[in-house]
Amino acid sequence: MASDLDIRTGRHCVFVLHAHLVFTTKYRHRVFEDRHLTRLEEITRAVCADFDVELAEFNGESEHVHLLVNFPPKVALARLVNSLKGVSSRRMRQEFPELAQHYWRANRLWSASYFAGSVGGAPLTMLRQYIEQQEHPA
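Residues numbered from 1 in each chain as written. Predicted model: local features only at pLDDT ≥ 70, side-chain atom pairs only at ≥ 80, totals over all residues. Heavy atoms only, no water.

A. Region of the structure containing the layout of surface pockets. Approximately 150 Å³ is the volume found for the second largest pocket. Lining the second largest pocket are Val 81, Asn 82, Lys 85, Gly 86, Ser 89, Arg 108, Leu 109, Trp 110, Ser 111 and Ala 112. Those elements that provide at least two residues to the lining of the second largest pocket are α2 (77-95) and β6 (110-119). Here the element with the most residues in the lining of the second largest pocket is α2; it accounts for five residues. Counted by class, the lining of the second largest pocket contains four nonpolar, four polar and two charged residues. (1 Å grid on protein atoms, 1.4 Å probe; cavity = no way out; pocket = protein on both sides within 12 Å on 5 of 7 lines; lining within 4 Å. Points joined across faces, edges and corners; volume = space filled by probe spheres on them. Helix = DSSP H or I, 4+ residues; strand = E, 2+ residues; numbered from the N terminus. Nonpolar A, V, L, I, M, F, W, Y, C, P; charged D, E, K, R; others polar.)

As structure tokens, this is what we get:
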């Protein structure tokens, strides 16, 4: 079960929503170094703050990054991803011209696809069992 620290509240709801996001670079080019990932985390935190999303974890390798976000139900995950990828691509290519050299033709840093997975909570089998065991009124 989620700890009390993970539970967030809105005006009319109580929620614990986490998602694991993975973004890969266009053509899986190995372009990131430590300084790139450090700056990318700063940019990502700023975008998340604009959406009232908490960036719980961030890490990456030379051709992809992993994010663990805690988001409110009012945020559409697709809109968050679109903003994260768009803003980070634009800023990273402006601040690090060597990144733009890899993508002079495509003019984008990220691949069009991404991975998003829900995280936390009970496994599906336990949830199904819990729902099945509810007492249905006669």
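Moving on from the coordinates now.
B. Spotlight on the environment of Gly 121. With respect to the helices and strands, Gly 121 occurs in the loop between β6 and α4 (124-132). Taking relative accessible area as the criterion, Gly 121 reaches 71% and is therefore assigned exposed. The sequence separation of Gly 121 and His 18 amounts to 103 residues, and the corresponding C-alpha distance is 9.2 Å. (Buried < 20%, exposed > 50% of the residue type's maximum accessible area, 1.4 Å probe, protein only.)

C. Examining empty space enclosed by the protein more closely. For the structure on display, the rule yields one cavity of 30 Å³ or more. Approximately 30 Å³ is the volume found for the largest cavity. Every residue lining the largest cavity is listed: Phe 23, Leu 40, Thr 44, Phe 58, Val 65, Leu 67, Leu 84, Ser 88 and Trp 110. Those elements that provide at least two residues to the lining of the largest cavity are α1 (34-50), β5 (64-70) and α2. Across the lining of the largest cavity, the residue classes break down as seven nonpolar, two polar and no charged.

D. Local environment of unusual backbone geometry. Located in the positive-phi region is Tyr 27, a residue other than glycine, with phi close to 60°. The residue Tyr 27 is located in the loop between β3 (18-25) and α1 in this model.

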